[in-house]
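What follows is each chain in one-letter form.
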Amino acid sequence: MTRIQRLKIIMLTIVAIITVIAGIQLYQHRHYQIPIVAGPGVTRVGKLSDYHEEIKGTMADTNVFFLEGKEEGGSMLIIANTHANEIVAGLTAFMLVENAVIEKGRVIVIPQFNNSGSRNTRSGDGYPLFFDIDTPWGSKTLRMGNRDASPLEQWPDPLIYVHYPDRQLMSYLDVRNTNRTWPGRPDGPLMEQVCYAAMELIRNENIDAVIDIHGAETMFPVTNCIVAPQKSMRIATMASMTVKAKEGFDNHVEPSPSGFRGLSHREIGDFSDAMPFLLEAPLPFLDQPTGPKTMDLLLVGKDPFLLSLSEKGMLFVPYDEEGWPIRNRAGQHTSVILEIINQMTKQYPEKEIIATGIPKYKEVVENGIGYYLTDPSSVDAEKIYYE
Amino acid sequence: MPIIMVIYYIFSICLIGMLFYNFIKEKENKTDILLYLIVAIPFILRVLRIK
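Cut-offs used in this document
- Residues numbered from 1 in each chain as written.
- Chains lettered and ligands numbered in written order.
- Predicted model: local features only at pLDDT ≥ 70, side-chain atom pairs only at ≥ 80, totals over all residues.
- Heavy atoms only, no water.
- Helix = DSSP H or I, 4+ residues; strand = E, 2+ residues; numbered from the N terminus.
- Rg over C-alpha atoms; globule rule 2.2 N^0.38 Å.
- Buried < 20%, exposed > 50% of the residue type's maximum accessible area, 1.4 Å probe, protein only.
- Contact = heavy atoms within 4.5 Å.
- Areas by Shrake-Rupley, 256 points an atom, 1.4 Å probe, with all protein chains shown as cover.
- Patch = residues over 30% accessible without salt bridge, like charges linked within 9 Å, V, L, I, M, F, W, Y side chains within 5 Å.
- Salt bridge = Lys/Arg side-chain N within 4 Å of Asp/Glu carboxyl O.
- Lys, Arg positive; Asp, Glu negative; His and termini not counted.
- Charge placed at Lys NZ, Arg CZ, Asp CG, Glu CD.
- 1 Å grid on protein atoms, 1.4 Å probe; cavity = no way out; pocket = protein on both sides within 12 Å on 5 of 7 lines; lining within 4 Å.
- Points joined across faces, edges and corners; volume = space filled by probe spheres on them.
- Nonpolar A, V, L, I, M, F, W, Y, C, P; charged D, E, K, R; others polar.
- Phe/Tyr/Trp six-rings, centres within 6.5 Å; stacked < 30°, edge-to-face > 60°.
- Lys NZ or Arg CZ within 6 Å of the ring centre and 35° of its normal.
- Pairing = 2+ DSSP bridges.

S.K.: Please clarify how the overall build of chain B should be interpreted in this entry.
M.R.: Each helix and strand in chain B was counted, giving two helices and zero strands. Taking 10 Å as the expected radius of gyration for a compact globule of 51 residues, we find that chain B reaches 13 Å, considerably beyond that expectation. Expressed along its principal axes, the backbone C-alpha trace of chain B runs to roughly 40 × 15 × 10 Å. The proportion of buried residues among the 51 residues of chain B is 27%. Taking contacts inside chain B between residues at least 6 apart in sequence as the whole, the part at least 24 apart equals 50%. Of the roughly 3400 Å² of accessible surface on chain B, 75% is carried by carbon and sulfur atoms.

Right under this line is the structure:
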């Protein structure tokens, strides 16, 4: 055996080991199932494909939880993990599904709206594959997803994404971004079909309001806010002012730009009778100039580089040595959701929703998110679903 | 699966074959030998539908 042949065998062995180790980790991430317990308020569980048959059996299909009251009232759809790297959205949805009880009206929750994206990973930035939330019964492990759907479900990307139906030109990546593919079409790329299925749900179930939960960088101006189009503006403004006055946190209102297409807060309002709202909470992990992308940064949000930028006035949110703990962000979301329900009821009494069991900002900050997550081993198997 | 994705998988298999052919044929340049292997990794993971 020559020297070069020996070298080739060594190189092949090392690369094969790296490929197998990475492959196993990525396979485990893609196929990891997160248990979610259907709480006392869940009356039935369906699939998004019930509204558009073509996505059935694909990784794009996802669970839809119905929380229905005894009395008729308003209907609200809550969407989380449109961007699965904005983990606060999914955690908020988990808390809602496992704790909320609807006395009047109904709330429909989709915890993993971009299911394919939640099984995708971001290349090159060293993101953790999983993260853990401490609970009174141990820690709950969840997947850290990506902003876009996996190319394993939808490929190839176009050179430029031409939005349907407005034909606005967008980045090629946005064809896999379910916050650019609204309102979707039944025969479009898979992510357009996901949005189309949600639009069908909104139209067929006569949804009055849709809340799309997100997280955003502290250096991005559209953060810590409610994004709303004109038709939702009054409720959004009142909700923003009320949480500031009653609960002491900022959540300003941003108008939904009419010229920027494909976004949930724009297209849902334009293509249905529903009033859309998009909630953003600060997520320092997503900022570019941070230290290592660790689980600590993800969950606690402390970073010396962001602190330095904050002192120079370059962030769009207050930021100090405490960072932005995930419990604060999730608490903001639950409180804003409750206040939107409250304001909708005040302005449209016929659309009243009475919800109990949803923790408010101060409770989530005090107890942590894990306190509101149910131990799957403590409930009957038929109450457990997998995301 | 759309036909264009099937074609992409066929392309990927062909590229893996070409990279390994070059890996075997290369006799001198150590950097190229290593690069043929590294470049093959994403194609292998795609064909196996892992990433």
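S.K.: Can you help me understand a nonpolar patch on the surface in this one?
M.R.: Residues and elements named next belong to chain B. There is a patch of nonpolar side chains on the surface, built from Met1, Ile3, Ile4, Val6, Ile7, Ile10 and Phe11 and spanning about 700 Å² of accessible area. Mapped onto the fold, Ile3 is located in helix H1 (residues 3–25). With relative accessibility at 64%, the residue Ile3 sits in the exposed group.

S.K.: I keep staring at a negative patch on the surface and nothing clicks. Help me out?
M.R.: Residues and elements named next belong to chain A. Together, Asp50, Glu53, Glu54 and Asp187 give the surface a local cluster of negative charge. Its location among the elements puts Asp187 in the loop between strand S9 (169–170) and helix H4 (190–204). Since its relative accessible area comes to 67%, Asp187 is described here as exposed.

S.K.: Mind showing me how you'd approach the layout of surface pockets here?
M.R.: Rolled over the atoms, a probe sized like a water molecule indicates the empty space that remains. Residues and elements named next belong to chain A. Estimates place the volume of the largest pocket at around 510 Å³. Lining the largest pocket are 25 residues, with His83, Arg147, Arg180, Phe220 and Glu280 positioned closest to its centre. Counting only elements with at least two residues in the lining of the largest pocket, the list comes to strand S10 (209–216), strand S12 (252–255) and strand S13 (275–282). For the lining of the largest pocket, the leading source of residues is S10, giving three residues. Class assignment of the residues belonging to the lining of the largest pocket gives a composition of 11 nonpolar, seven polar and seven charged.

S.K.: Looking at this structure, how should I read the packing of aromatic side chains?
M.R.: Each pair of aromatic rings is reported with the distance of its centres and the angle of its planes. Inspection of the entire model under this criterion finds nine aromatic pairs over all chains. Relative to A:Phe285, the ring of A:Tyr127 lies with its centre 4.8 Å away and its plane at 70 degrees, an arrangement referred to as edge-to-face. Taken as a pair, A:Tyr127 in the loop between helix H3 (115–118) and strand S6 (130–135) and A:Phe285 in the loop between S13 and helix H7 (295–300) lie far apart in primary sequence, 158 residues in all. For A:Tyr127, a relative accessible area of 12% puts it in the buried group. Judged by relative accessible area, A:Phe285 falls into the buried class, the value being 0%. Through pairs of rings, three or more aromatic residues link up here, namely A:Trp155, B:Tyr8 and B:Tyr9. Between the NZ or CZ atom of A:Arg44 and the centre of the ring of A:Phe66, over which it lies, the distance is 3.8 Å. Geometry around A:Phe285 places A:Lys293 over its ring, the cationic atom sitting 5.4 Å from the centre.

S.K.: In this structure, what is going on with the pairing of S10(A)? I would like to understand it.
M.R.: Along any regular strand the residues' side chains alternate between the sheet's two faces. All names here are of chain A. Within S10, eight of the eight residues are buried, which leaves it mostly tucked inside the rest of the structure. Burial along S10 is two-sided: the face carrying Ala209, Ile211, Ile213 and Gly215 and the face carrying Val210, Asp212, His214 and Ala216 are both buried. Pairing of strand S4 (residues 71–79) with S10 involves four bridges; the strand directions are parallel. By the bridge assignment, Leu77 is partnered in S10 with Val210. Taken together, the eight bridges between S10 and S13 define a ladder with parallel strand orientation. Note that in S13 the partner of Gly215 across the bridge is Ala281.

S.K.: Would you explain the pattern of salt bridges in this entry?
M.R.: Two side chains of opposite charge can pair, provided their charged atoms sit close to one another. Residue and element names in this part refer to chain A. All told, the structure shown has 15 salt bridges over all chains when counted by the stated rule. Close ionic contact of Arg147 with Glu86 constitutes a salt bridge, the shortest N to O distance being 3.8 Å. Taken together, the residues Arg147 in the loop between strand S7 (138–143) and strand S8 (161–162) and Glu86 in the loop between S4 and helix H2 (87–99) connect sequence positions 61 residues apart. Measuring nitrogen to oxygen at the nearest pair gives 2.4 Å for the salt bridge that ties Arg185 to Glu192. The class of Glu192 is buried, set by a relative accessible area of 0%. The structure contains a network of salt bridges with shared partners spanning Asp166, Arg261, Arg266, Glu267 and Asp270.

What is shown is where atoms sit, not what they do.
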